[in-house]
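Fold and geometry: a report
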Amino acid sequence: MIMNLMLKQWTIDDKAELMALCNAVDRTYLSDRLPYPYSDANADWWLEMVQMNEGKLGIFRAIVVGRRIVGSISVECNGKNNGKGEIGYMLLTDYWSMGIATESVSQICKIAFNKLSIDRIVAKVYELNVASVRVLEKNGFVYDRVLEEKKLKDEEQSNLLLYNLQSHGVTTDNNQVVKRSDPPALTNVLIAGPCSVESEDQILATAQALAKIPEVKMLRGGIWKPRTRPNAFEGRGEQGLVWLREAKHETGLPIITEVATPEHVELALKYDIDALWIGARTVVNPFSVQQLADALRGVDIPMFIKNPVSPDLNLWVGAFERFKKAGMKQLAAIHRGFAYYKETPYRNFPMWEIPIELTQRLNVTLLTDVSHICGNRELLQATAQKALDLATDGLMIECHIDPDSALTDAKQQITPEALKQLLASLTFRSKQSGNAERDLAGLRGEIDDIDSELLQLLARRMEVSAQIGEYKKHNNVAVVQMDRWKKILAEHVSTGIDLGLSPLLINKVFDAIHQASIERQGRIMENDNE
Ligand code: PEP
Ligand code: MN
């Protein structure tokens, strides 16, 4: 974190500090425009020019660290109304390599895009000035061309390069899409982080602990939380983005958050979010998905699309199609389980066959959000292993520095330490396995789901049977009523035949079930006699 970095507007009181700065700054890569020595009159002229033009022909700021002015940064436009501004900055040598320039460039570009009528900021930088080239690239500036070869102050030759930054979502003159710097790769991703960004301390402590786990490739944090009921914590909004970006700068982890509206998209891009996801409650609504696709038209940012809450494969596929049509290329899927018509041990029933079919239809990277599938910590390990066995490309796991105190999804979040142990317990399958194995895994997953449903149904049947037993006991009715059972079995056999099942199978299965039922009811009667 950069302690106390601030961009402040220049005032006439800053004259002495301005002169000190301009006389002390390293001039190797500065333009000839800055006089040397920098006199009292130079400072007067410049401060007056700044007062007159601020917000009209430029944005001019002092870079302040602690209470000291350590640099100057500006974006100036020439008033020709060509939508273009030019950035320039200088920073005292003692303050290099601390991320100050990167952060200052980030802040001033945002102010400039907001306040000046420009949609592009250009930068001229010497090729030899690698630190500044990196600062620009980290802020999303894209190399354009060599402007000229110039002699530097120490007589060395260097190319003067032109870099461009488009305001987000706008395409360049020749219709190239906007390129963001260092997009995280979509495969082999482990995304970890809290369900919600709650406070500066919470996100920084969580991020720092996660950054020490090599498998963690991206930091998640919910900023706007879709809640089932009103009056619950709905996320920190823009303030949360400030903290999340700070966590990125502190740890170097790329950051990802959920967006549900075009306003969320705009803010997320403003705060340098590296990747976005769309939540299960948004994907169910094609209007919302289309609005997001329109807001992201031409923005080259990785986008993870969660499955819709309802088990509707076409709705999920449709979301991919909408973003593809909007020109988005880095699309991946996140499987987070589905709402189910009855209770299961999971918060959201996995129905593994659906995500597997999605990857077969669309050939996209698939991540598994085990936290939202499980809804608790106990099932995480087995579910993550299952996901890996089914050849998922990555995992999303909710982690919180103090899960029990989490404002959302407390039951399913784990500490970074627990994540480390979880990862150590998992067997990562070789990705060499071919499609056949993956297809087979899908079918096996389907069988597992069906078996699990059969088990739940059997358990429920036994439960109801026990209630009947209690009733019979209190009303002195015989346990076995053979006539009723024979009639039911005949009906089952006939229905089974209609469904293509053999009468032998129906007889065997229902005989066994009936037998177990009778035994259970018999035990209930016996207990009464004790
Ligand atoms: C989340 O990831 O915190 C979230 C709200 O997820 P989902 O959309 O899957 O419920
Ligand atoms: Mn959550």
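See the structure above.
Fair warning: this is a prediction, and the values are worked out from it, not measured in the lab. Every chain's residues receive numbers from 1 upward, in the order its sequence appears when written. Each chain takes a letter, starting from A, and each ligand takes a number, starting from 1, following the order in which they are written. Confidence filtering applies because this is a predicted model: local features only for residues at pLDDT of at least 70, side-chain atom pairs given and counted only at 80 or more, and all residues used for totals across whole chains, interfaces and linings. With hydrogens and water set aside, each side-chain value is computed from the structure's full complement of heavy atoms.

Quick word on the packing of aromatic side chains
- Each Phe, Tyr or Trp ring, with Trp reduced to its six-membered ring, pairs with another whose centre is within 6.5 Å; inter-plane angles below 30 degrees give stacked pairs, above 60 give edge-to-face pairs, and intermediate values give tilted ones. Counted by the stated rule, this structure contains seven aromatic pairs.
- Taken together, a centroid distance of 5.8 Å and an interplanar angle of 70° make the contact between Tyr 143 and Tyr 163 edge-to-face. Of the two residues, Tyr 143 is situated in strand E6 (residues 142-151) and Tyr 163 in strand E7 (residues 157-166); the sequence distance between them amounts to 20 residues.
- Its relative accessible area of 42% is what places Tyr 143 among the partly exposed residues.
- Through pairs of rings, three or more aromatic residues link up here, namely Tyr 340, Tyr 341, Tyr 346 and Phe 349. In this description a helix means any DSSP run of H or I spanning at least four residues, a strand means any run of E spanning at least two, and both kinds are numbered starting from the N terminus. Partly exposed residues are those whose accessible area sits between 20% and 50% of the maximum for their type, while under 20% is buried and over 50% is exposed, using a 1.4 Å probe and protein chains only.

Thoughts on the pattern of salt bridges
- Salt bridges, as used here, are contacts in which a Lys or Arg side-chain nitrogen is within 4 Å of a carboxyl oxygen on Asp or Glu. In the structure shown here, the tally under the stated rule is 20 salt bridges.
- Among the ionic pairs, Asp 14 bridges to Lys 8, the shortest N-O distance being 2.7 Å.
- Looking at Asp 14, the relative accessible area reads 7%, which means it is buried.
- Take Lys 8: its relative accessible area is 22%, and that puts it in the partly exposed class.
- A salt bridge links Glu 398 to Arg 220, with the nearest nitrogen and oxygen atoms 3.2 Å apart. Here Arg 220 lies in strand E10 (residues 218-220) and Glu 398 lies in strand E17 (residues 394-398), a separation of 178 residues in the sequence.

Side note on the site of ligand 1
- One heavy atom suffices: a residue is near a molecule or strand as soon as one of its heavy atoms comes within 4 Å of it. Inspection of the region around ligand 1 gives Cys 195, Arg 220, Lys 225, Glu 258, Trp 277, Gly 279, Ala 280, Arg 281, Lys 306, Arg 336, His 372 and Glu 398 as its neighbouring residues.
- Polar contacts here mean pairs of N or O atoms no more than 3.5 Å apart (in protein, one a potential hydrogen donor and the other a potential acceptor; neighbouring residues in sequence count only if both atoms are side-chain atoms). Contact distances for ligand 1 include 2.8 Å between an oxygen atom and a backbone N or O atom of Ala 280.
- Its residues assigned to classes, the shell around ligand 1 comprises three nonpolar, two polar and seven charged. Each residue gets one label: Ala, Val, Leu, Ile, Met, Phe, Trp, Tyr, Cys and Pro are nonpolar, Asp, Glu, Lys and Arg are charged, and the others, such as Gly, are polar.

Taken by themselves, the reported measurements are silent on function.
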